[in-house]
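Descriptive structure summary
Residues per chain are reported as follows:
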Amino acid sequence: MEILYRWIDGINDVLWSYLLVALLLGCAVWFTLRTRGVQFRMLGEMVRVLGESAGSGPRGEKHVSSFQAFAVSLASRVGTGNLAGVATAIAVGGPGPVFWMWVIALLGASSAFVESTLAQLYKRKGRDSYIGGPAYYMERGLGKRWMGVLFAVLISVTFGFAFNSVQSNTICAAWEGAFGFAHHWVGAGLTLLTLLVIFGGIHRIARVSGVVVPVMALGYIVLALGVVLFNFRRLPEVVELIVANAFGWEQAMGGGAGAALMQGIRRGLFSNEAGMGSAPNVAATAHVSHPVKQGLIQTLGVFTDTLVICTCTAFIILFGGVPDASLSGIRLTQAALVGEIGPAGSVFVAVAIFLFAFSSIIGNYYYGEANIRFITRRPWVLTLYRVLVGVMVLFGALATLDLAWSLADITMAFMTLINLVAIVLLGRQAFLLLADYVGQRRRGIKNPVYTRDRIPSLEDKAECWWHPAPYTLLRKRSIARTAVSRGIAAWPPPRGNWRRRRGMRSAGCAGASAEPESGRRGHSRPARG
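Residues numbered from 1 in each chain as written. Predicted model: local features only at pLDDT ≥ 70, side-chain atom pairs only at ≥ 80, totals over all residues. Heavy atoms only, no water.

1. Some thoughts on the overall build of the protein chain
Test applied: Runs of H or I in DSSP of at least four residues are treated as helices and runs of E of at least two as strands, each being numbered from the N terminus. When accessible area is computed with a 1.4 Å probe and restricted to protein chains, residues below 20% of their type maximum are described as buried, those above 50% as exposed, and intermediate ones as partly exposed. We call two residues in contact when some of their heavy atoms are within 4.5 Å.
Looking only at helices and strands, the protein chain has 21 helices and two strands in total. Per-residue burial over the protein chain gives 57% buried out of 529 residues. Long-range contacts, defined here as pairs at least 24 residues apart, represent 83% of the contacts in the protein chain between residues at least 6 apart.

Written as structure tokens, this is what we have:
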């Protein structure tokens, strides 16, 4: 067993110390430059589109709204990485990793935009909702199904099994410290709740996340802001400590700067998942009128996770001074909050980590479900996967997870590498979609709409964006009638084209049902007579 530990740690050191750091930062900088800083210049647009909901489609279908998809992805992002992960990074690398977590969030948000926009472009119509993600754009965009299957296996194991075990273990540790509850009782209750939610499918997951995520996030932010205001005079001192520890000569001479960088990027990726290929799986389920909309919303999720919630945790810990070296993970966060608000702090963290981690468990499960559906359509396989997720939640409550966590680091690293290769190769398509969206907004269209005939090079890529909105069909008829009145064309047009269009519409996906509030000049060509 000791040999296995050393072998796994050696692989992790190579992946996380050299390869992933360079690729994550390199891709983040490249996407930031190519999108002209989309994560900064379109921040207001992100907030504007967040509240949009698709409601029901043209045939009365139920869809997952933009906000619900945002909530599910944020549910997975906001978990132990925000409370326990930040504390672990500070305990190992000092305050410096917090700075590098900010950097990877600010730059990596562009990677999140690209991968989620691509997921929307290549989504498909499932039985209950849209489905998609990296496995789908690897298969359809790159034409490499083997690559998609490999990614699907890695993400299903990483999120459904390994990460959920960690989340369960953290909940049990927090509740034991606050209330003295035994791990097996907490684990049994958590497993039952998990199975009840995940057997309800994506719509139940979306509804639960839409309620739990806003409550837990706002509650934690309010508490953290209270701690910051109470220690307002010390805020510049703490910020200076973070920056100095990230760049200081003392840390550089002792190798501490490198440790801070590694810990910051590693924990930052685990927390906000930018570029990892996880959030696109739920971004694809949203029913929106343009792929860029969900790309913008998922970008906002990266900021919410790292720049807000992770920063709150870091400030709570650092206001208490130098962290106790004997504590790490969730116990360090609990001890820091107890020092600020008294014994109630431990109870609050226990409740918060339950909401944070439980929402992560159901969000993580959906990532696995989406990819199991990609590998096979057999219902019994999905049922077996759901049962195994419940078993791993119970296992995490009862076991020590050093080996599982190390294995998760490896699978997370490999799935990130595969996804980064895919989004770099397909990135130009996201840039074209962004240009189309921005162009419509500049023409005064409040609610941009995408159909695949808008960008000829993407016309054969988008299965769920083929047909124009009802407004466009009516506009084509109006143009044709005008042509008839002027003696230019005959009316009605040949029936063959209409029947072919109607047949395609019944077989395709209703991807663009929303309508612009002002006309789209030049969007569609007049119908041919």
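Past the structure itself, the notes keep going.
2. A few points about the nonpolar core
Test applied: We call a set of buried Ala, Val, Leu, Ile, Met, Phe, Trp, Tyr and Cys residues a nonpolar core when their side-chain atoms join them within 4.5 Å.
Counting residues in each nonpolar core, the largest one holds 66 residues, and the members touching the most others are Val114, Leu118, Tyr137 and Leu296. The contact partners of Leu296, leaving out residues within four places of it in the chain, are Val38, Met42, Glu45, Met46, Phe113 and Tyr437.

3. What to know about the packing of helix H1 (residues 2–34) against helix H6 (residues 96–121)
Rules: Helix axes are fitted only over the stretch in contact, all axes being lines through C-alpha atoms; the angle between N-to-C directions runs from 0 to 180 degrees. Oblique is the label for any angle not covered by the other classes, which are roughly parallel (under 35 degrees), roughly antiparallel (over 145) and roughly perpendicular (65 to 115).
Where H1 meets H6, the closest approach of the two axes is 8 Å, and the angle between their N-to-C directions is 70°. With respect to their mutual orientation, H1 and H6 come out roughly perpendicular. Here Leu24, Leu25, Cys27, Ala28, Val29, Phe31 and Thr32 of H1 lie close against H6, whose contacting residues are Ile104, Leu107, Gly108, Ser110, Ser111 and Val114.

4. Section: helix H15 (residues 291–318)
In plain terms, the rule: Helix span, expected: 1.5 Å multiplied by one less than the number of residues in the helix.
Given a rise of 1.5 Å per residue, 28 residues ought to cover 40 Å, and the 40 Å separating the end C-alpha atoms of H15 matches this to within 8%. With respect to burial, H15 is a largely interior element, 26 of its 28 residues being buried.

5. Describing the environment of Phe431
With respect to the helices and strands, the residue Phe431 is situated in helix H19 (residues 402–442). Among the residues examined, Phe431 registers a relative accessible area of 11% and is labelled buried. Each C-alpha atom, one on Phe431 and one on Arg36, is 10.0 Å from the other, the two residues being 395 residues apart in sequence. For Phe431, the residues in contact, after removing those within four places along its chain, are Trp30, Phe31, Arg34, Thr35 and Val114.

6. Some words on a nonpolar patch on the surface
The condition is simple: A patch consists of residues exposed above 30% relative accessible area that lack any salt bridge, with like charges linked at up to 9 Å and nonpolar side chains (Val, Leu, Ile, Met, Phe, Trp, Tyr) linked at up to 5 Å. Calculation of accessible area relied on Shrake-Rupley with a 1.4 Å probe; when residues are assessed, cover is drawn exclusively from the protein chains displayed. Any Lys or Arg side-chain nitrogen located within 4 Å of an Asp or Glu carboxyl oxygen qualifies as a salt bridge.
On the surface, Phe199, Trp380, Leu384, Val387, Leu388 and Val391 cluster together into a nonpolar patch covering about 550 Å² of accessible area. Among the structural elements, Phe199 can be located in the loop between helix H9 (183–198) and helix H10 (201–230). Looking at Phe199, the relative accessible area reads 38%, which means it is partly exposed.

7. Regarding H9
Filter applied, for reference: Here, the arc refers to the directions that run from the helix axis to the C-beta atoms.
Across its 16 residues, H9 extends 22 Å between first and last C-alpha, which sits within 8% of the 22 Å expected from 1.5 Å per residue. The set of residues buried in H9 consists of Val186, Gly187, Leu190, Thr191, Thr194, Val197 and Ile198. For H9, the angular spread of the buried residues around the axis is 135°, confining them to a single face. Opposite the packed face of H9, turned more than 90 degrees from it, sit the exposed residues Trp185 and Leu192.

8. Observations regarding the packing of aromatic side chains
This is how the line gets drawn: To pair, rings of Phe, Tyr and Trp, with the six-membered ring standing in for Trp, must have centres within 6.5 Å; the planes then decide the type, stacked if under 30 degrees apart, edge-to-face if over 60, and tilted in the middle. Either the NZ atom of lysine or the CZ atom of arginine qualifies as a charge over a ring when it sits within 6 Å of the ring centre and within 35 degrees of the ring normal.
Under the defined criterion, the tally for this structure stands at eight aromatic pairs. The ring of Tyr130 carries Lys123 above its face, with NZ or CZ at 4.0 Å from the centroid. The ring of Phe374 is capped by Arg145, whose NZ or CZ atom sits 4.6 Å from the centre of that ring.

9. Some thoughts on the pattern of salt bridges
Within the structure shown, the criterion is met by eight salt bridges. Between Arg441 and Glu45 there is a salt bridge, with the nearest N and O atoms lying 3.2 Å from each other. Taken together, the residues span a long stretch of sequence, with Arg441 in helix H19 and Glu45 in helix H3 (residues 43–50) at a distance of 396 residues. Because the salt bridges share partners, they merge into one network encompassing Glu45, Arg48 and Arg441.

10. Here we look at unusual backbone geometry
A positive phi angle, close to 55°, is found at Arg36, a residue other than glycine. Locating Arg36 in the fold gives a position in the loop between H1 and helix H2 (38–41). The exposure class of Arg36 is exposed, given its relative accessible area of 55%.

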